[in-house]
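Working through the structure, step by step
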Amino acid sequence: MLTKFETKSNRVKGLSFHSKRPWILASLHSGVIQLWDYRMGTLIDRFDEHDGPVRGVHFHKSQPLFVSGGDDYKIKVWNYKLHRCLFTLLGHLDYIRTVQFHHEYPWIVSASDDQTIRIWNWQSRTCISVLTGHNHYVMCASFHPKEDLVVSASLDQTVRVWDIGALRKKTVSPADDILRLTQMNTDLFGGVDAVVKYVLEGHDRGVNWAAFHPTLPLIVSGADDRQVKLWRMNDTKAWEVDTLRGHMNNVSSVMFHAKQDIIVSNSEDKSIRVWDVTKRTGVQTFRREHDRFWILASHPEMNLLAAGHDSGMIVFKLERERPAFAVSADSLFYTKDRFLRFFEFSTQRDTQIIPIRRPGTTSLNQSPRTLSYSPTENAVLICSDVDGGSYELYVIPKDSIARGDAVPEAKRGAGGSAVFVARNRFAVLDKSSNQVLVKNLKNEVVKKSGLPISGDAIFYAGTGNLLCRAEDRVAIFDLQQRLVIGELQTPFVKYVVWSNDMESVALLSKHAIIIASKKLVHQCTLHETIRVKSGAWDDNGVFIYTTLNHIKYCLPNGDSGIIRTLDVPIYITKISGNTIFCLDRDGKNRPIVIDATEYIFKLSLLKKRYDHVMSMIKNSQLCGQAMIAYLQQKGFPEVALHFVKDERTRFNLALESGNIQIAVASAKEIDEKDHWYRLGVEALRQGNAGIVEYAYQRTKNFERLSFLYLITGNLEKLSKMLRIAEVKNDVMGQFHNALYLGDVRERVKILENAGHLPLAYATAKVHGLEDVVERLAAELGDNIPSLPEGKEPSLLMPPAPIMCGGDWPLLRVMKGIFEGGLDNMVRGGADEDEEEAADGDWGEELDMVDVDGLQNGDVTAILEDGEAAEENEEEGGWDLEDLELPPEADTPRASVSARSSVFVAPTPGMPVSQIWIQRSSLAAEHAAAGNFDTAMRLLNRQLGIKNFMPLKSMFLDLNSGSQTYLRAFSSTPVISLAVERGWIESASPNVRGPPALVFNFSQLEEKLKAGYKATTAGKFTEALKLFLSILHTIPLIVVDSRREVDEVKELIIIVKEYVLGLQVELKRREMKDNPVRQQELAAYFTHCNLQAPHLRLALQNAMTVCFKNKNLATAANFARRLLETNPPNENQARSARQVLAAAERNMADAAQLNYDFRNPFVVCGATYVPIYRGQKDVSCPYCGSRFVPSHEGQLCTVCDLAVVGADASGLLCSPSQIR
């Protein structure tokens, strides 16, 4: 049984397949009817109007209708397109068990517990016949698929067959009015339109189900006596043929299979059983753990069944329908109806070669699964699941194409999968020992080879190679060398398809396609929601595959798309040009012609074969939103431009590809403020001042226009803008323009007119306009503002423009590869000189003069029009038609001939910061380049550092120290320059050195000396700060030689010991009230690896503390160690000898310390307890401090940077470590 779909729900009592769509209706015991798409596995709709269980449901064959009957005595007819119940048929007096539409007439038959069967006309919505005769609940009733018969089953232990021929005649020729009177009698007493033809008695208990055979005069029934009975009928009588025994409980439903000679039944014994009609024996049984089965349904067209049980339903197939096939050059070998057949692609000739497999094995799923062919030996290997997996080897006689010849005896053997691996060798998988047996054509084992992975199937992978499949991976195995050539993690692979050149392979699983190289290097993965069925490679290296309902393509980069939809699933065998050859489920060869334009176009783009792309654009009908979006996404907006008619889309694409010319044309068509604004932004980016000006004029954006004239140094137009602002009475605009122009008198005048006399006075006074100052002073009288004394005023005067008017150096917008050709194509063949111009920059081609006869660029018209300008504001545009310009008008015409005059800015190179980090794995260089993120990632990887707060200021110092800044002009931004390490004057200007770093190793040595000095002086806090700053700087140090790298690593160890020792000592000083802990910490300090003078001081300190606290034995140990260092200071030596002498008199300790000097130990950096040799510990990946295991994963308390116990690759501080 192959389960295709499963649902979890309330008990399912009724099921019905849709004849065309992949839908199934399930009616539930809860009163809900569900509509499922079993192909996608989704719930499409639910219908919830019945009160109580719904036991029967049925789709109409051609109308968008279905009927349902429930325990509320109602029959409802629904329209699934309108999502509602159309009407209800009332008449039954008890539960309704089943309902069914007639395949031809507008009838519904229903069976009910009121012991009647009713036939209804759903068009007139009336009951047209009542079939009475059963004397117990009628459990089911159904129409015969072709004849005028109804079969019913009842708990009265009978099956009845009814003849409804009279009813059909009456429907075809309606009677006259007088006969209508009999309708009343019919309703009361049951009509004579339907008569009992046969009563089938034989079951000992109530019968639950009865069904007709689709073509033969057979009936099958199932009952509470646990038996399935087979009945035959002719024109006059019906009789029992046989009884099928095997169910352990009531048989709830039973039916004939439409395509095979089998009966399928299900029962309350939680099983589905399959029976052979001819042999009358059980073939197979499928069981569920806890769910009783209630209903069966079969698909009217396809080989699908469904069964409803206590907790849902399953849709399943009994057998695989995929024909086994193998393609070799121009021929296809495949199996059909127990024959091996041969199909030639070129001539499309189909012939039967030899019969295979002994006829008569009726158990399911015994048909061939795979087929392998050896062209040189003309041999075929056929594998099937017979006897738990076996193969048959046929050597086809050269002349045996006729069916009648003597059949060569097949050589058989056990093994789940067998494939040819060479001309006359084939491999068989022995699953039990996980071995591959290589055999010759005599079926003798030549070689055995163990498999690298526990495989459950093998596939061909080139001569001498096998592709082995396991649950979650595949591997290619070389049988000669016994080597694994490649391995790949995959979902469970069902089929393997090699490209013609054996360079690529497609691995097909249920819902995914993985494409890989011949060594299983992953190239791309595609996921499908619907099952993948088959696939083949076309001549261009595109993989074409089928799902249940589509033919699709997959390009080498993983882009995919639909080629066409399918009505029925097919299995692709070969692709030749635009023709797909395939096998359908009936084993018929079908050529399907497809339109490959879309994927060939995308492939040409991908492979940069632009000549192909060009010709396809010219000659084919490629278009659609998807294609435009694809081109845009892949970075070819200029190509997309040629498919688009919609102006808004054209505008967006033109901006994206930098094609100002088309953007202007589209903006004029759209004529919306937002589009003009965006055009202005793009033109500004390209430096095309003329178009920026035009765009701003169209939107009347005076502020931007003024600023544009300011930065282009166009003072003449600025003064015109000042006058426009005056006309529009825009005071702020006037003031700005006057400010931009540096026109002080105008500014004073504006302030005065606006009533700001004090401001006007101050402006005039500062700028030295004495005549105006006197006049204003007179007006202001006593209110003259006082100006600050003794200060030099700085005047608000704009800098003189460096460059006036015209376009900037235009940004070079590269002409797309397609542009020249496409333009000519669109123009329909352009002139010669235009052809030449197509290589130039786009900015030059733009010719704005003849835009609607509108000459852009001058603003005088607005002034001449004066008031008119204000009235015409709604019109949009500048109304410049009647403007008489002098011949040398400065229009932004970028003439084609003026190519040489345009400055083309050099293409920007790669920023230095990017060059620095490109090949560097040194965190310091990344920080210097400003890439803090990657620097932090590198430090985390190399040293396990997680706390970057202490490094923040150093990162900033490195970054600012690696560049210097130059000022050029007052109006241009500051230029930053990279400072390189080891720069010399003779170096090539094109080769970039690494960044100069502000920290170096010699600085650390100085700091170390300062730390030693502070320690000697007893300034422990200051010393600790110095040592910590060394620890924090080391990760950002870069040295040159390997010797220096060793020195840096040595420095870490030295500094770490001091940091730990000083932390212990400072901790001891806090412990005033805990003498025992004080002694312990003093003792641990002496075990840090310190310089001799510092060690002596630590020993003297520990000796003193212990002696004072009467721990004489311990104090004596310190005294002994102190004397061993030969202290040059006589005082130290004397006091040590005195302590020894005192201790010898009384060798005892007053308090027990956690300190054993005989046992070597290290001090835990967090808890300050000894970790003796042999005890477990964890260490800091950077400074190497050791900790008790409970501190794993916490921040190191010594260096305050790294995480204790983290994985790290080690310090990287020199390029010499990388080489």
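Summary of the structure given here. These figures come from a predicted structure and were not determined experimentally.

Definitions and cut-offs
- Residues numbered from 1 in each chain as written.
- Predicted model: local features only at pLDDT ≥ 70, side-chain atom pairs only at ≥ 80, totals over all residues.
- Heavy atoms only, no water.
- Helix = DSSP H or I, 4+ residues; strand = E, 2+ residues; numbered from the N terminus.
- Buried < 20%, exposed > 50% of the residue type's maximum accessible area, 1.4 Å probe, protein only.
- Contact = heavy atoms within 4.5 Å.
- Areas by Shrake-Rupley, 256 points an atom, 1.4 Å probe, with all protein chains shown as cover.
- Pairing = 2+ DSSP bridges.
- Axes fitted to C-alpha atoms, helices over the stretch in contact; angles between N-to-C directions.
- Core = buried A, V, L, I, M, F, W, Y, C linked by side-chain atoms within 4.5 Å.
- Parallel < 35°, antiparallel > 145°, perpendicular 65-115°, else oblique.
- Left-handed = near helix turned anticlockwise from the far one by under 90°.
- Expected span 1.5 Å × (residues − 1).
- 1 Å grid on protein atoms, 1.4 Å probe; cavity = no way out; pocket = protein on both sides within 12 Å on 5 of 7 lines; lining within 4 Å.
- Points joined across faces, edges and corners; volume = space filled by probe spheres on them.
- Nonpolar A, V, L, I, M, F, W, Y, C, P; charged D, E, K, R; others polar.
- Disulfide = S-S within 2.5 Å.
- Polar contact = N/O pair within 3.5 Å; in protein donor to acceptor, adjacent residues only side chain to side chain.
- Patch = residues over 30% accessible without salt bridge, like charges linked within 9 Å, V, L, I, M, F, W, Y side chains within 5 Å.
- Salt bridge = Lys/Arg side-chain N within 4 Å of Asp/Glu carboxyl O.
- Phe/Tyr/Trp six-rings, centres within 6.5 Å; stacked < 30°, edge-to-face > 60°.
- Lys NZ or Arg CZ within 6 Å of the ring centre and 35° of its normal.

1. Section: the overall build of the chain
Helices and strands together make up the secondary structure of the chain, namely 33 helices and 61 strands. Per-residue burial for the chain yields a buried fraction of 52% across its 1219 residues. Within the chain, contacts between residues at least 6 apart in sequence are counted, and of these 49% link residues at least 24 apart. Just so you have it, the chain exposes about 58100 Å², and 50% of that area is on carbon and sulfur atoms.

2. Remarks on the environment of Gly486
Here Gly486 is to be found in strand S44 (residues 483-489). Counting along the chain gives twelve residues from Gly486 to Val474, while the straight-line C-alpha distance between them is 8.5 Å. Leave out the neighbours within four places in its chain, and Gly486 touches Val474, Ala475, Ile476, Lys519 and Leu520.

3. A few points about the sheet that holds strand S34 (residues 379-384)
Here four strands make up an open sheet; going across it, the order is S33-S34-S35-S36 and the pairing antiparallel. Of all the strands in the sheet, just strand S33 (370-374) and strand S36 (411-414) have a single pairing partner and so form its edges. This sheet shows a mean twist of 20 degrees between the axes of neighbouring strands, independent of strand direction. Relative to strand S35 (residues 390-395), S34 is paired through six bridges, and the arrangement is antiparallel. Bridging from a neighbouring strand, Val380 pairs with Tyr394 of S35.

4. As for the nonpolar core
Counting residues in hydrophobic clusters, the biggest one holds 91 residues, and the most contacted among them are Leu939, Phe1027, Ile1034, Tyr1182, Cys1183 and Cys1199. At ten residues, the largest contribution of residues to this core is made by helix H29 (residues 1042-1070). Counting 59 residues, the second-largest nonpolar core is a separate cluster that includes Ile563, Tyr599, Val613 and Met627.

5. A look at the packing of helix H14 (residues 731-741) against helix H15 (residues 744-753)
Helix-helix packing is described using two parameters, namely the angle between the two axes and the distance between the axes. Closest axis-to-axis distance for the H14/H15 pair is 8 Å, and the angle between their directions is 160 degrees. What the angle tells us is that H14 and H15 run roughly antiparallel. Relative to H15, the crossing made by H14 is left-handed. Along its contact with H14, which presents Val731, Gln734, Phe735, Ala738 and Leu739, the element H15 presents Glu746, Arg747, Ile750 and Leu751.

6. Digging into helix H13 (residues 715-727)
End to end, H13 covers 19 Å across 13 residues, agreeing with the expected 18 Å (1.5 Å per residue, within 8%). The set of residues buried in H13 consists of Lys717, Leu718, Lys720, Met721, Leu722, Ile724 and Ala725. A positive phi of about 60 degrees marks Asn729, the residue just after H13.

7. Looking at empty space enclosed by the protein
For the coordinates displayed, the defined rule picks out six cavities of 30 Å³ or more. There is about 140 Å³ of room inside the second largest cavity. A per-class count over the lining of the second largest cavity returns four nonpolar, no polar and six charged.

8. Section: the sheet that holds strand S41 (residues 457-460)
Pairing in this open sheet of four strands is antiparallel, and the strands run S41-S42-S43-S44 from one edge to the other. What marks the edges here is a single partner per strand, and that holds for S41 and S44. Between one strand axis and the next, the sheet turns by 25 degrees as a mean value, whatever way the strands run. Pairing analysis gives six bridges linking strand S43 (residues 473-478) to S44, with the strands arranged antiparallel. Bridge assignment links Val474 to a residue of S44, and that residue is Leu488.

9. A look at the state of the cysteines
For the structure shown, the criterion picks out zero disulfides. Summary of cysteine pairing: Cys1183 is not part of a disulfide, and the nearest cysteine sulfur, belonging to Cys1180, is at 3.5 Å.

10. Here's the deal with the packing of H29 against helix H30 (residues 1075-1085)
Across the interface, H29 lies against H30 with an axial gap of 9 Å and an inter-helix angle of 160 degrees. In terms of orientation, H29 and H30 fall into the roughly antiparallel class. Between H29 and H30 the crossing geometry is left-handed. The residues of H30 that touch H29, namely those facing Gly1061, Leu1062, Val1064, Glu1065, Lys1067 and Arg1068, are Gln1078, Leu1081, Ala1082, Tyr1084 and Phe1085.

11. Some details on the environment of Arg1096
Relative to the elements of secondary structure, Arg1096 occurs in helix H31 (residues 1092-1108). Residue classification places Arg1096 among the buried positions, given a relative accessible area of 14%. The contacts of Arg1096, once residues within four sequence positions are left out, are Leu1122, Thr1125, Asn1126, Pro1127, Pro1128 and Gln1132. A polar contact of 3.2 Å, which involves the side chain of Arg1096, links it to the backbone oxygen of Thr1125.

12. Considering the side chain of Ser265
Among the secondary structure elements, Ser265 is positioned in strand S23 (residues 262-267). Here the side chain of Ser265 touches His247 through a polar contact of 2.7 Å, side chain to side chain. Once you skip the residues sitting within four places of it in the chain, Ser265 turns out to touch Val228, His247, Val251, Ser253, Val254, Ser271, Ile272, Arg273, Trp275 and Leu296.

13. Let's talk about a nonpolar patch on the surface
A cluster of nonpolar side chains, Leu684, Phe707 and Ile711, forms an exposed patch at the surface whose accessible area comes to about 260 Å². With respect to the helices, strands and loops of the structure, Phe707 is situated in helix H12 (residues 702-711).

14. Looking at the pattern of salt bridges
Counting across every chain of the model gives 43 salt bridges. Residue Asp242 pairs with Arg280 through a salt bridge whose shortest N-O separation is 3.4 Å. One end of the pair, Asp242, is in strand S21 (residues 238-245); the other, Arg280, is in the loop between strand S24 (271-276) and strand S25 (281-287), with 38 residues separating them in the sequence. Take Asp242: its relative accessible area is 25%, and that puts it in the partly exposed class.

15. Some words on the pairing of strand S54 (residues 579-584)
Counting buried positions along S54 gives six out of six residues, so the element sits mostly inside the fold. Here S54 shows no split at all, with Thr579, Phe581 and Leu583 on one side and Ile580, Cys582 and Asp584 on the other all buried. Note: strand S53 (residues 570-576) against S54, six bridges, orientation antiparallel. From the neighbouring strand, Ser576 faces S54, where its bridge partner is Thr579. Where S54 lies against strand S55 (residues 589-593), five bridges are found, and the strand directions are antiparallel. Along S55, the bridge assignment pairs Leu583 with Asn589. Counting the residues between successive antiparallel strands, the hairpin from S54 to S55 contains four residues, one of them, Gly587, with a positive phi of roughly 80 degrees.

16. Examining H15
With respect to burial, H15 is a largely interior element, seven of its ten residues being buried. Along H15, the residues classified as buried are Val744, Glu746, Arg747, Val748, Ile750, Leu751 and Glu752. Tucked into the core, H15 has its buried residues touching H13, H14, helix H16 (757-766) and helix H17 (770-780). Capping the start of H15 is the job of one residue whose side-chain oxygen sits 3.1 Å from the backbone nitrogen of Glu746: Asp743. Positioned one or two residues after H15, Gly755 has a phi angle of 90 degrees, which is positive.

17. Quick word on the packing of aromatic side chains
A full pass over the atoms with the stated rule returns 33 aromatic pairs. Counting every residue linked through ring pairs, the aromatic cluster contains Trp23, Phe47, Phe59, Phe66, Trp78 and Tyr80. A cation over a ring is seen here: Lys13 above Trp294, with NZ or CZ 3.9 Å from the ring centre. Directly above the aromatic system of Trp239 lies the positively charged group of Lys237, at a separation of 5.4 Å from the ring centroid.

Fair warning: the whole summary comes from geometry, so function is off the table for now.
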